[in-house]
Amino acid sequence: MEQLKLLTPGPLTTTHTVKETMILDRCTWDDDYKNLTQSIRQRLLEIAKVNAENYTTILQQGSGSFVVESVIQTAISSTDHVLIISNGAYGKRMIDMAYVAGKKITELNISFDVIPSLAKIQQVLEENPTITHIAFVHCETTTGILNPIESICTLAKKFNKKIIVDAMSSFGGVPIEVEKLQIDFLVSSANKCIQGVPGFGFVIAKKESLEKTKGNARSVSLDLYDQWIVMKDSGKWRFTSPTHVVAAFHQAILELENEGGVEARYERYLTNNQYIIQSMQQLGFKPYIDDEYQSPIITTFLYPDTNFEFDDFYQYMKKNNFVLYPGKLMDVPSFRVGNIGDLYRQDFEVMIQHIKNFNAQRSIK
Ligand SMILES: *Cc1c(COP(=O)(O)O)cnc(C)c1O
């Protein structure tokens, strides 16, 4: 089987050396493994630009959604009230999780192609003084829009609200100064910009806020507070942990550091994303999100015309080793191109050449 290049933001294309670490079996209770966990937790704090006095990391089994759900379960008490801002499927998923968990919610749903207006958020806060938390998605992977994390956090703190951010597809690939922004809970996972394989996620949490969450969760396995209590000093996971995935993630963090850290990775993602968008526009594919809101992670493109068959395109590209990502918009036919993972300019040049060839073949038909 040939290694495909995944233009899908998680699972994504990982390096050979990340995959290689998974060849060994490891014990969960052994000191070497617990030290691996502690090393990951400490390095994540550095990536988040936080002080270990004030912040901590909790690793949690499952895909990214499990970890978002553990934060929704644990951070919000039965007397709290959360404002959830949504401009995509992942914002909507947080709303669903909060309802199922029985939390008190106010929804702010906006159109998928725009960022939330600060004036509107402020109005909702003024009309609902019982709101205690604001939750939102940083990069909405549904479309590729990048929500304005800094201004939303500044507003939230001005109103003295706790902040929950789903930074799943941006953390590690877009610089985020978690402590400067005073974020209380930030969630991401192993298989996005840090370029590991899927199997767990993590939370960067402000200790002062986390310490007050005992007993909030109506779930045992998704109780982030209990997970933290077991993990915090020893590096021990509650329940079986994905040992191979954890080892791969440790290697992926070392490779992020070797690349030059988050800033260098951001540069790579950004220049590749801009190259893709420019080249695709020349080939007749229009991006769905305006330039000023576009993230460097993933781009939604509209079908170029009504005769465009995505399935044919997908199969053609797959035959040439590239896996595209179907669109997630209800109103307009679209597809997505993710550019995170172990992919470089030359990979995208090859990808564009294949798309040119596909176009040429289409016009002959
Ligand atoms: C990937 C992702 C998630 C988590 O999705 P899983 O399929 O559960 O890993 C959550 N939010 C965002 C913004 C994402 O990109």
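Residues numbered from 1 in each chain as written. Predicted model: local features only at pLDDT ≥ 70, side-chain atom pairs only at ≥ 80, totals over all residues. Heavy atoms only, no water.

1. A short note on helix H3 (residues 64-75)
Phase 1 of the analysis: The terminal C-alpha atoms of H3 lie 16 Å apart, and with twelve residues this matches the ideal 16 Å at 1.5 Å per residue to within 8%.
Phase 2 of the analysis: Judged by how many residues are buried, H3 sits mostly within the fold: nine of twelve residues are covered.
Phase 3 of the analysis: Of the residues making up H3, those classed as buried are Gly64, Val67, Val68, Ser70, Val71, Ile72, Gln73, Thr74 and Ala75. (Helix = DSSP H or I, 4+ residues; strand = E, 2+ residues; numbered from the N terminus. Expected span 1.5 Å × (residues − 1). Buried < 20%, exposed > 50% of the residue type's maximum accessible area, 1.4 Å probe, protein only.)

2. Some words on the sheet that holds strand E9 (residues 185-189)
Phase 1 of the analysis: Strands sit in the order E2-E10-E9-E8-E5-E3-E4 across an open sheet of seven strands; the sheet is mixed. With one partner strand each, in any of the chains shown, strand E2 (55-61) and strand E4 (104-109) form the two edges of the open sheet. Averaged over neighbouring strand pairs, the angle between their axes works out to 20 degrees when direction is ignored.
Phase 2 of the analysis: Pairing of E2 with strand E10 (residues 200-206) involves seven bridges; the strand directions are antiparallel. The residue of E10 that forms the bridge with Gln61 is Phe200. (Pairing = 2+ DSSP bridges. Axes fitted to C-alpha atoms, helices over the stretch in contact; angles between N-to-C directions.)

3. A few points about a negative patch on the surface
Phase 1 of the analysis: Side chains of Asp113, Asp290, Asp291, Glu292 and Asp331 sit close together on the surface and give a patch of like negative charge.
Phase 2 of the analysis: As for its position among the elements, Asp291 is in the loop between helix H10 (261-282) and strand E11 (298-302). (Patch = residues over 30% accessible without salt bridge, like charges linked within 9 Å, V, L, I, M, F, W, Y side chains within 5 Å. Areas by Shrake-Rupley, 256 points an atom, 1.4 Å probe, with all protein chains shown as cover. Salt bridge = Lys/Arg side-chain N within 4 Å of Asp/Glu carboxyl O. Lys, Arg positive; Asp, Glu negative; His and termini not counted. Charge placed at Lys NZ, Arg CZ, Asp CG, Glu CD.)

4. Examining the layout of surface pockets
Phase 1 of the analysis: A volume near 290 Å³ is recorded for the largest pocket.
Phase 2 of the analysis: Elements supplying a minimum of two residues to the lining of the largest pocket: H3 and helix H4 (89-100).
Phase 3 of the analysis: The biggest single contributor to the lining of the largest pocket is H4, with four residues.
Phase 4 of the analysis: Partitioned by chemical class, the residues of the lining of the largest pocket number ten nonpolar, seven polar and three charged.
Phase 5 of the analysis: Considering only enclosed or pocket space, the second largest pocket measures out at about 150 Å³ in volume.
Phase 6 of the analysis: Lining the second largest pocket are Tyr266, Leu270, Asn273, Gln274, Ile277, Gln278, Asp291, Gln294, Ser295 and Pro296.
Phase 7 of the analysis: Grouping the amino acids of the lining of the second largest pocket by side-chain chemistry returns four nonpolar, five polar and one charged. (1 Å grid on protein atoms, 1.4 Å probe; cavity = no way out; pocket = protein on both sides within 12 Å on 5 of 7 lines; lining within 4 Å. Points joined across faces, edges and corners; volume = space filled by probe spheres on them. Nonpolar A, V, L, I, M, F, W, Y, C, P; charged D, E, K, R; others polar.)

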